[in-house]
Amino acid sequence: MLKKVGEKRMLLRKKITVFILVCLFIGVRIYGVEDESLLLKIGNPKLKNKTMTIFPGNIYSARTGQAISFSEMIAEMKTSRFVYVGETHNSLPIHEIQFKVIEALSGNGKLPCIGMEMFPIGFQDVLDKWSLGILTKGEFIREMQWYITWNFNFGYYEQIFNLAKKRKIPVYALNIPRIVIKKIRMKGWDSLSEEEQKLLPKPDLSNKEHRALIRKIFETSDIPPQMKGRFLDMAFEGLYRAQSAWDEAMAFYVCKAYRLGNKPVVVLVGSGHLLYNLGINRRVFEKNSLPFSTLICVPVSKEKKNVLVSRSLANFVWGIPEEERPAFPSVSLSLKIFKGLSNIVVSQNPMGGAAKNTSFLKGDVILSVDGKVFSDINELRTYLARF
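Each value, and the rule that gives it
- Residues numbered from 1 in each chain as written.
- Predicted model: local features only at pLDDT ≥ 70, side-chain atom pairs only at ≥ 80, totals over all residues.
- Heavy atoms only, no water.
- Phe/Tyr/Trp six-rings, centres within 6.5 Å; stacked < 30°, edge-to-face > 60°.
- Helix = DSSP H or I, 4+ residues; strand = E, 2+ residues; numbered from the N terminus.
- Buried < 20%, exposed > 50% of the residue type's maximum accessible area, 1.4 Å probe, protein only.
- Lys NZ or Arg CZ within 6 Å of the ring centre and 35° of its normal.
- Pairing = 2+ DSSP bridges.
- Arc of directions from axis to C-beta.
- Contact = heavy atoms within 4.5 Å.
- Axes fitted to C-alpha atoms, helices over the stretch in contact; angles between N-to-C directions.
- Parallel < 35°, antiparallel > 145°, perpendicular 65-115°, else oblique.
- Left-handed = near helix turned anticlockwise from the far one by under 90°.
- Nonpolar A, V, L, I, M, F, W, Y, C, P; charged D, E, K, R; others polar.
- Polar contact = N/O pair within 3.5 Å; in protein donor to acceptor, adjacent residues only side chain to side chain.
- Salt bridge = Lys/Arg side-chain N within 4 Å of Asp/Glu carboxyl O.

Our focus in this paragraph is the packing of aromatic side chains. In the structure shown here, the tally under the stated rule is 22 aromatic pairs. Ring geometry for Phe119 versus Phe161: centroids 5.9 Å apart, planes at 65°, classification edge-to-face. Residue Phe119 is found in strand β6 (residues 113-120), and its partner Phe161 is found in helix α7 (residues 158-167); the two are separated by 42 residues along the sequence. Between Phe140 and Phe161, the aromatic rings sit 5.1 Å apart at their centres with planes inclined by 50°, giving tilted as the arrangement. Of the two residues, Phe140 is situated in helix α5 (residues 137-144) and Phe161 in helix α7; the sequence distance between them amounts to 21 residues. Grouping residues by exposure puts Phe140 and Phe161 together as buried. Every member of this aromatic cluster is reached through a ring pair, and the members are Phe119, Trp130, Phe140, Trp146, Phe154, Tyr157 and Phe161. Sitting above the plane of the Trp130 ring, Lys165 keeps its charged end 3.8 Å from the centroid. Residue placement shows Arg215 over the ring face of Phe236; its charged tip is 4.9 Å from the ring centre.

Written as structure tokens, this is what we have:
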């Protein structure tokens, strides 16, 4: 039982900020039953005017438009230096597919390395210690500050990390501090300090097809009324700068991981960073021209039974049954620490997850949870993730 104290305040929904954050986290939810972004005529010129029908449980090759076996897909992937496996961050079936791909590619003693969107580069030493078997699960979550750095339940990724530890597969951080992305979104590249500009190359914003893709995702989302009209273009330009910066940064560190390991890299990132081979994958290829493969998973609802997609969407498309609910419920309680106060404070009125229909309000102070007192946000979220 969670005990709290605080004054009731008027619900202030910062819809514009939340919407932009959701768009930037397009690994959380990009697909719907009738998602227009799956049928865009962009990407590979030889395939962008062709389609294929995706049924759940089947893997499809974009090259042939036909279903193939898992072993056939892996055989093709083994010719690539970069294998991108897109994810919806809160989809356990997709993470299980990522695990299977890494396991298959690391057979016969030929170990790849893994690049992960989830972690800023400042946490690389923690990832190294995990792969070397130095840290326990609890120590890793604590040192990684998992539920602050990423905040999706560790259970989604646990089998991937266990495999990396068991086979001593190097895991590389691909991300940069969010404050850098925020500054680019708000004021552009020139707003960064010299030290910040050293973290990533200046993002190229000139690819028309990538811009069209992100614009389609942006416009088909549930846009708040405050963003319609003259504010729409301004909001999109900021979002596109941020998305491009994120892609550019991660492409830079994917290339660095390849140079350091001198072995193939399996890249695990939100699917929105990979669609139509126009995101991270395109930027890496432009830097080194090395062969790559992209796998995107597409959920198929029981009612729809199949989904039509463009054959330029990815090299491989895996149809999966649409989930009724995430495997690990999200608490979705924004928290903050204030100087001089030992207890944790609710920083925003809940807008989703398990906390949405509770009485929590911005400014509430969390006194205890099941009789336990917490002064560390990561420790509190780690405890709540058990339920």
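Next up on the list: the pairing of strand β5 (residues 82-87). Among the six residues that make up β5, six are buried, leaving the element largely enclosed by the rest of the structure. Here β5 shows no split at all, with Phe82, Tyr84 and Gly86 on one side and Val83, Val85 and Glu87 on the other all buried. As judged from the six bridges shared by β5 and strand β8 (residues 265-270), these two strands associate in the parallel manner. Opposite Glu87, over in β8, you have Gly270 as the bridge partner. Of the strand pairs in this sheet, β5 and strand β9 (residues 292-300) are connected by four bridges, and their pairing is parallel. Bridge assignment links Val83 to a residue of β9, and that residue is Ser293.

Now for α5. Because each turn of an α-helix spans 3.6 residues, side chains separated by three or four positions in sequence point in the same direction. Listed as buried for α5 are Phe140, Ile141 and Met144. Along the long axis of α5, the arc covered by the buried residues comes to 95°, so they all point the same way. Residues of α5 that are buried sit in contact with β6, α4 (124-131), α6 (146-149), α7 and α13 (377-384).

Look at helix α3 (residues 92-105) against α7: their axes get within 9 Å of each other, and the N-to-C directions meet at 20°. Between α3 and α7, the angle is such that the two are roughly parallel. Here α3 and α7 pass one another in a crossing that is right-handed. In contact with His95, Glu96, Gln98, Phe99, Ile102 and Glu103 of α3, α7 contributes Gln159, Ile160, Leu163 and Arg167. Tallied by class, the residues present in the contact of α3 with α7 amount to four nonpolar, three polar and three charged.

Moving on: α13. Of all eight residues making up α13, six are buried, and the element is well covered by its neighbours. Taken as a whole, α13 has its buried residues at Ile377, Asn378, Leu380, Arg381, Tyr383 and Leu384. Elements that come into contact with the buried residues of α13 comprise α5, α6, β12 (335-336), β13 (344-346) and β14 (365-369). The N-cap of α13, judged by a side-chain oxygen 3.0 Å from the amide nitrogen of Asn378 a few residues on, is Asp376.

What follows is about the pattern of salt bridges. Taken as a whole, this structure holds 15 salt bridges when the rule is applied. Ionic pairing is found between Glu209 and Lys48, a salt bridge with its closest N-O pair at 3.6 Å. Of this pair, Glu209 sits in helix α10 (residues 208-219) while Lys48 is found in the loop between α1 (15-24) and β2 (51-54), placing the two residues 161 residues apart along the sequence. Taking the relative accessible area as the measure of exposure, Lys48 reaches 24% and is therefore partly exposed. Measuring nitrogen to oxygen at the nearest pair gives 2.6 Å for the salt bridge that ties Arg215 to Glu219. Of this pair, Arg215 and Glu219 are both found in helix α10, four residues apart, which corresponds to roughly one turn of the helix. Judged by its relative accessible area of 21%, Arg215 falls in the partly exposed class. A residue is classified by how much of its surface remains accessible, and Glu219, at 38% relative accessible area, is partly exposed.

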